[in-house]
Amino acid sequence: MNNSTVLLLFPITVAVIMLGLGLTLTAEDFRRVLKRPRAMVVCLVVQMVVLPAICLGLVVAFGLRPELAIGMMLLAASPGGSTASLYSHLFKGDVALNISLTAVNSVLAMFTLPLIVNLSVTGFLGADSSIGLQFDKVVQVFSIVLVPIAIGMALRAKFPAFAVRMERPVKVLSVIVLVMMIASVISGLGEEVFQILGEIIAVVVLFNLFGMAIGYFGPRLAGVGPRESTASAFEIGLHNAPLSIAIAMSPTLLNSTEMAMPSVTYGFVMFFTAVIFGLVVARRARNAAVATPSRT
């Protein structure tokens with residue numbers, strides 16, 4: 001399969017991934033938001049406002065070239081994915097909160113993502129740039145994200161047994177799709193990959209670590225419990241890399257290999273940093289549990 005064919009298949013493969021996400025969601029995941037408003041509000045404010053501001057500060061501080069800066073902002077605007085729930089489960093976070101956050105973030109991102117991307121394009125490339133997510137492109141993003149999620153939720157409600165059986169195949173497909181996307185980006189850039197990697201690796205790592213840290217300590221400072229804060233840390237710190245890669249690479253959207261590189265790098269980095277962060281948080285929780293009886 002040649003590179004151009006892979007590019008054309010990006011919207012379809014992302015739609016399949018979003019369908020898989022929808023198969024794991026129910027209406028209760030959205031209703032649950034009303035039952036824990038503090039945790040949800042704090043997490044969403046951090047996700048939608050604080051994190052993009054941190055990302056902007058990093059790209060300006062490191063002086064990234066415009067295309068890479070826009071790619072970082074695209075990544076910051078992307079919602080969390082199923083990976084967040086997996087790490088939350090491994091490190092005893094509130095997985096139900098992860099699922100609810102993913103559901104709400106996926107909806108909100110369809111409005112905030114085009115806004116952040118367009119503002120970034122204007123700021124880094126100028127107002128006369130032809131790159132961006134205009135209305136017709138926003139509709140395309142909406143169609144490859146929310147429509148498949150809605151279909152998946154409908155299938156989950158109507159055929160729950162089928163939805164459960166499909167979870168594993170879709171997860172395997174997600175990994176295959178991510179590998180295809182990364183291979184497509186690397187082949188498109190050639191030897192320039194190493195130069196770009198040298199430019200962005202520090203920014204990507206810091207962004208990932210800052211995201212998980214603010215995702216954990218922000219809710220904790222607001223009085224949210226440790227399990228919910230752990231869930232928030234992974235939801236805010238682990239973004240949907242395949243979605244942002246697809247938006248960057250798709251010929252009908254941003255059509256930029258360079259803009260995809262931050263998400264490609266992030267897709268590798270986050271698996272390792274998430275384990276380290278999870279071990280630190282788990283150790284912190286154990287120490288707190290041991291210290292609590294001595295205070296009473």
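Residues numbered from 1 in each chain as written. Predicted model: local features only at pLDDT ≥ 70, side-chain atom pairs only at ≥ 80, totals over all residues. Heavy atoms only, no water.

Q: Please explain helix H9 (residues 192-221) as it appears in this structure.
A: In an α-helix, one full turn covers 3.6 residues, which means residues spaced three or four apart are oriented alike. The terminal C-alpha atoms of H9, which comprises 30 residues, lie 43 Å apart, in line with the 44 Å expected from a rise of 1.5 Å per residue. Remark: the principal bend of H9, roughly 45 degrees, maps to Ile200. With its phi angle positive at about 90 degrees, Gly223 sits one or two positions after the end of H9. (Helix = DSSP H or I, 4+ residues; strand = E, 2+ residues; numbered from the N terminus. Expected span 1.5 Å × (residues − 1). Bend = angle between axes of the 7 residues up to and from the residue.)

Q: What is the right way to look at the pattern of salt bridges in this model?
A: If charged atoms from side chains of opposite charge come close, those side chains can pair. For the coordinates displayed, the defined rule picks out two salt bridges. One salt bridge connects Arg65 with Glu199, and the closest N-O pair in it is separated by 2.3 Å. Taken together, the residues Arg65 in the loop between helix H3 (37-61) and helix H4 (66-77) and Glu199 in helix H9 connect sequence positions 134 residues apart. Judged by relative accessible area, which is 26%, Glu199 ranks as partly exposed. Note that Arg65 and Glu258 form a salt bridge whose closest N and O atoms lie 2.5 Å from each other. Remark: Glu258 occurs in helix H12 (residues 257-295) and Arg65 occurs in the loop between H3 and H4; sequence separation between them is 193 residues. Salt bridges sharing common partners tie together Arg65, Glu199 and Glu258. (Salt bridge = Lys/Arg side-chain N within 4 Å of Asp/Glu carboxyl O. Buried < 20%, exposed > 50% of the residue type's maximum accessible area, 1.4 Å probe, protein only.)

Q: Before we go on, may I ask you to explain the environment of Val59 in this structure?
A: By the element assignment, Val59 lies in helix H3. With 144 residues separating them along the chain, Val59 and Val203 place their C-alpha atoms 7.1 Å apart. Setting aside its immediate chain neighbours within four residues, Val59 contacts Leu64, Ala69, Met72, Phe124 and Val203. (Contact = heavy atoms within 4.5 Å.)

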